[in-house]
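Close look at the chain arrangement
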Amino acid sequence: MHRRRRTAFLLTAALVTAAPLLTACGSDAHPGAAAVVGDDRITVSQLENRVNEVRTAQRAATTGEAQYEQAIAKSGGLTRDTLHGMVLDRVLHRAADDAGVTVTRKEIQEARTGLEQQAGGAKALEVSWLQQYGVPPERLDDNLRVQIEAQKLASALGTDTSQPAFWKALSEASKKLDVDLNPRYGSWDVEKSSRVDAKLPWVRDVTAAASQKTA
């Protein structure tokens, strides 16, 4: 993995450089699909809708065309980053399911409440997540679920998200799902992180915030 891409997991300062290959190259065997993950088909339309959600949120959070253009410039790789996150979400969920890991609505709400307290309110948290991680307000709970799921999976494996054991679980899940990307978006290779063009809002440490809530 390229050193500058090691921040894809925001739970740790860096990722292991020997992260295993998750899956194979893409093909055009699935017309209209941005990616196929197991039986789940991520269409180009679905991907575009997710990207539009971010752009709409950025537009609402900025004042004036110049500020909006600056926001776009900072997230120039949004489409590929979004697809990368959508696929990783599914791979992680399969790995968590295989390990018997689940995330409750209560856990998500507790984590969100703790983060809102840290950020200075619900609106401040939404703006922060949008600006830093490209997560629109309507996807914030989904993002927190992914983060918590990753942490709980790592705990179930007796490791953390920076260690090979965690990546091995993702690799095994990805192989089972037979991930296939449309070539226009690249190939799915975690070792090289070829489609990670910016920090992804995939995993961020919410344990401390949740602990403050329950303390």
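Look above for the structure.
A brief look at the structure comes next.

Thresholds, definitions, all that
Residues numbered from 1 in each chain as written. Predicted model: local features only at pLDDT ≥ 70, side-chain atom pairs only at ≥ 80, totals over all residues. Heavy atoms only, no water. Helix = DSSP H or I, 4+ residues; strand = E, 2+ residues; numbered from the N terminus. Expected span 1.5 Å × (residues − 1). Buried < 20%, exposed > 50% of the residue type's maximum accessible area, 1.4 Å probe, protein only. Salt bridge = Lys/Arg side-chain N within 4 Å of Asp/Glu carboxyl O. Axes fitted to C-alpha atoms, helices over the stretch in contact; angles between N-to-C directions. Left-handed = near helix turned anticlockwise from the far one by under 90°. Contact = heavy atoms within 4.5 Å. Nonpolar A, V, L, I, M, F, W, Y, C, P; charged D, E, K, R; others polar. Parallel < 35°, antiparallel > 145°, perpendicular 65-115°, else oblique.

On to helix 6 (residues 140–156). Relative to the 24 Å expected for 17 residues at 1.5 Å per residue, helix 6 spans 24 Å between its end C-alpha atoms, a close match to the ideal helical length. The buried fraction of helix 6 amounts to twelve of the 17 residues, a majority that puts the element mostly inside the structure. Trailing helix 6 by a residue or two, Gly158 shows a phi angle of about 70°, which is positive.

What follows covers the pattern of salt bridges. The tally for this structure, following the rule as stated, stands at twelve salt bridges. A salt bridge links Asp142 to Arg139, with the shortest nitrogen-to-oxygen separation between them at 3.5 Å. Between Arg145 and Glu149 there is a salt bridge, with its nearest N and O atoms 3.1 Å apart. Here Glu149 and Arg145 lie together in helix 6, a separation of four residues that amounts to about one turn. Overall, the relative accessible area of 24% leaves Arg145 in the partly exposed class. One continuous salt-bridge network, built from bridges that share partners, spans Arg105, Arg112, Glu116, Glu126 and Asp141.

Viewed as axis vectors pointing N to C, helix 1 (residues 44–61) and helix 3 (residues 78–98) meet at an angle of 115°, and their least axial separation amounts to 10 Å. Here the hand of the crossing between helix 1 and helix 3 comes out right-handed. Residue-level inspection shows Leu47, Arg50, Val51, Val54 and Arg55 of helix 1 in contact with helix 3, the latter providing Leu78, Thr79, Thr82, Leu83 and Met86. Taken together, the residues of the contact of helix 1 with helix 3 sort by class into six nonpolar, two polar and two charged.

Look at helix 4 (residues 105–119) against helix 6: their axes get within 9 Å of each other, and the N-to-C directions meet at 110°. Taken together, helix 4 and helix 6 sit at an angle that is classed as roughly perpendicular. Between helix 4 and helix 6, the residues in contact are Arg105, Glu107, Ile108, Ala111, Arg112 and Leu115 and Leu140, Asp141, Leu144, Arg145, Ile148 and Lys152, respectively. Looking at the contact of helix 4 with helix 6, its residues break down into six nonpolar, no polar and six charged.

In short, the description is geometric, and any link to function would need to be established separately.
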